[in-house]
Amino acid sequence: MNLNIAQSVIFGSLNPTAGWALANIDFPKINYSLSGTLHLPTVHEMENRLVRLLGEYVDFRFEDEPVDISRWLPTPYTPAKKTTTDSLWQQEGVDLSTPLLCFYNASLEAEARWVKLRLLHDAEVLKDDISTSAAVKAALQQLESYLKEAAAYLTGTDNLPAFRVMRFIFTGLYQELTSLFNELLAAPGDYHSWKDFYYEVWQKYPPAVHATDSRLPAVSSKMPRYAISQAEQEKISHSLLHFVSGCWEQEKIFSHADDYTLMLEYTDSFLCNHEVPQNVKPLRPHVPATHIRYAYYQLYYSFQKSIARDLFIDFLHAVFPSFSNTEKETTRKKFSVKPETYDNDIKGILHASSSQVI
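Presented here is an overview of the structure given in this document. (Residues numbered from 1 in each chain as written. Predicted model: local features only at pLDDT ≥ 70, side-chain atom pairs only at ≥ 80, totals over all residues. Heavy atoms only, no water.)

In this section: the overall build of the protein chain. A count of helices and strands for the protein chain gives 13 helices and four strands. With 358 residues in all, the protein chain has 49% of them scored as buried. Contacts in the protein chain between residues far apart in sequence, at least 24 positions, make up 77% of those at least 6 positions apart. Of the accessible surface of the protein chain, which amounts to about 17,700 Å², a share of 49% is contributed by carbon and sulfur atoms. (Helix = DSSP H or I, 4+ residues; strand = E, 2+ residues; numbered from the N terminus. Buried < 20%, exposed > 50% of the residue type's maximum accessible area, 1.4 Å probe, protein only. Contact = heavy atoms within 4.5 Å. Areas by Shrake-Rupley, 256 points an atom, 1.4 Å probe, with all protein chains shown as cover.)

Moving on: the packing of helix α8 (residues 230-241) against helix α10 (residues 289-302). At a minimum axis distance of 9 Å, the contact between α8 and α10 shows a crossing angle of 155°. In terms of orientation, α8 and α10 fall into the roughly antiparallel class. Viewed along their axes, α8 and α10 form a crossing whose handedness is right-handed. Between α8 and α10, the contacting residues are Ile236, Ser237, Leu240 and Leu241 on the first element and Ala295, Tyr296, Gln298, Leu299 and Ser302 on the second. (Axes fitted to C-alpha atoms, helices over the stretch in contact; angles between N-to-C directions. Parallel < 35°, antiparallel > 145°, perpendicular 65-115°, else oblique. Left-handed = near helix turned anticlockwise from the far one by under 90°.)

Moving on, we come to the side chain of Thr171. Here Thr171 shows up in helix α6 (residues 161-180). With a relative accessible area of 0%, Thr171 lands in the buried category. At 2.5 Å, the side chain of Thr171 and the backbone oxygen of Arg167 are in polar contact. (Polar contact = N/O pair within 3.5 Å; in protein donor to acceptor, adjacent residues only side chain to side chain.)

A separate point is helix α1 (residues 4-11). Burial analysis of α1 places six of its eight residues in the buried class, the great majority of the element. Taken together, the buried positions of α1 are occupied by Asn4, Ile5, Ala6, Ser8, Val9 and Ile10. Its buried side turned inward, α1 meets α3 (43-54), α4 (99-126), α5 (129-151) and α6.

Right, let's talk about α6 for a bit. In a regular helix each residue adds 1.5 Å, so 20 residues correspond to 28 Å; α6 covers 29 Å between its end C-alpha atoms and thus fits that length. Burial analysis of α6 places 18 of its 20 residues in the buried class, the great majority of the element. (Expected span 1.5 Å × (residues − 1).)

Core analysis: the largest hydrophobic core is formed by 62 residues, its most contacted members being Leu54, Phe103, Phe163, Met166, Phe170 and Leu177. Put simply, the parts of the chain that give this core at least two residues each are α1, α2 (27-35), α3, α4, α5, α6 and α7 (194-202). Excluding anything up to four places from it in sequence, Leu54 contacts Ile5, Ile30, Leu34, Phe60, Phe103 and Ser107. Grouped together as the second largest cluster of nonpolar side chains are 39 residues, Phe243, Tyr260, Tyr296 and Ile313 included. (Core = buried A, V, L, I, M, F, W, Y, C linked by side-chain atoms within 4.5 Å.)

This paragraph deals with the packing of aromatic side chains. Under the definition given, this model contains 18 aromatic pairs. Summarising the aromatic geometry, the rings of Phe27 and Phe103 are spaced 5.5 Å apart at their centres and angled 55° between planes, so their arrangement reads as tilted. Linking Phe27 in helix α2 with Phe103 in helix α4, this pair joins segments that are 76 residues apart in sequence. Among the aromatic residues, those joined into a cluster by ring pairs are Phe243, Phe270, Tyr294, Tyr296, Tyr297, Tyr300, Phe312, Phe315, Phe320, Phe335 and Tyr342. (Phe/Tyr/Trp six-rings, centres within 6.5 Å; stacked < 30°, edge-to-face > 60°.)

Once that is clear, we can look at the environment of Tyr191. On the secondary structure map, Tyr191 appears in the loop between α6 and α7. Tyr191 gets classed as partly exposed once you look at its relative accessible area, which sits at 22%. Spatially, the C-alpha atom of Tyr191 lies 9.7 Å from that of Val136, the residues being 55 residues apart in sequence. Contacts of Tyr191, omitting those with residues within four sequence positions, involve Lys137, Leu140, Tyr174, Thr178 and Leu185.

Moving on: the pattern of salt bridges. A full pass over the atoms with the stated rule returns nine salt bridges. Between Lys148 and Glu144 there is a salt bridge whose closest N-O contact spans 3.9 Å. Of this pair, Lys148 and Glu144 both sit in helix α5, four residues apart, which is roughly one turn of the helix. Residue Lys148 is classed as exposed on the basis of its relative accessible area of 57%. Glu329 is the partner of Arg332 in a salt bridge, and the nearest nitrogen-oxygen pair spans 2.7 Å. Here Glu329 and Arg332 lie together in helix α12 (residues 328-334), a separation of three residues that amounts to about one turn. Note on Arg332: relative accessible area 29%, which makes it partly exposed. (Salt bridge = Lys/Arg side-chain N within 4 Å of Asp/Glu carboxyl O.)

Here it is in structure tokens:
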């Protein structure tokens with residue numbers, strides 16, 4: 001998970017010691033606008049608003065939209081419940097005496113809100129406790145990593161107030177996430193508990209906290225280990241690629257049925273061995289390359305990103321000549337971009353070919 005605003009505060013244009021952007025910001029105006037982001041109900045509204053307000057100063061790189069793999073493979077999932085903890089801000093104070101510090105507070109609070117919305121949105125879409133747990137642990141690790149970087153500005157003569165603001169907000173966010181997703185984080189050793197994290201950051205143990213009702217839901221579920229077998233893997237991949245066996249614009253997508261079978265064989269081999277098969281026959285399906293690309297992106301996401309994205313790009317360029325005039329870097333950047341007509345096109349293909357057998 002990318003903490004885009006924190007990245008800019010520590011390393012980029014919003015750094016208080018070298019940030020060129022700070023001289024150009026109308027703090028009262030943008031602080032007021034940022035405060036409104038805390039009431040936005042969805043992660044996509046939040047992302048659009050942050051880009052509009054801070055896109056000139058922050059290189060926003062938001063997460064790919066998740067794919068619900070439960071359509072092909074049922075996985076353990078428990079709907080969210082409503083509970084959270086008292087805010088750390090109610091127990092500790094921080095200096096917000098200047099418009100600049102209010103800006104850092106508003107920006108980082110907005111990012112904290114985005115992190116919670118992103119994780120809760122993805123949990124609801126994924127419907128998979130294992131994937132959600134991995135995403136939450138990755139977010140906790142990022143918070144810890146950024147606070148270690150910020151610690152360099154909190155020693156000696158520097159002790160910059162902006163990084164004290166970051167420490168308060170991200171400590172509070174860590175507390176909320178470990179409470180919201182507490183039972184998904186049952187496996188020891190993968191992350192620091194709230195108390196251990198607090199001690200690392202503050203060099204003291206935290207005050208007592210208590211659960212209270214909140215508008216933010218929490219995931220509560222035991223996390224059984226679940227491994228995808230090769231047979232289940234093939235079932236998912238064949239389901240996602242089944243549309244290629246049909247017709248597009250009144251023509252067979254594959255003029256030879258053997259080519260469709262070859263595509264499935266190449267895909268199964270790739271998913272099993274994590275490498276592009278040798279001596280592949282180039283395949284030329286009569287369907288937009290964007291649809292092929294997005295179908296394989298869904299495979300990539302369905303298997304919890306266990307195979308590197310770049311390997312999927314290599315596979316596409318090796319097997320499908322329709323990618324030959326596109327740079328691999330371009331394919332990589334657009335890998336997760338869903339074609340606007342994808343869902344309707346796939347439904348049309350499957351409906352038109354529902355009575356046909358290859």
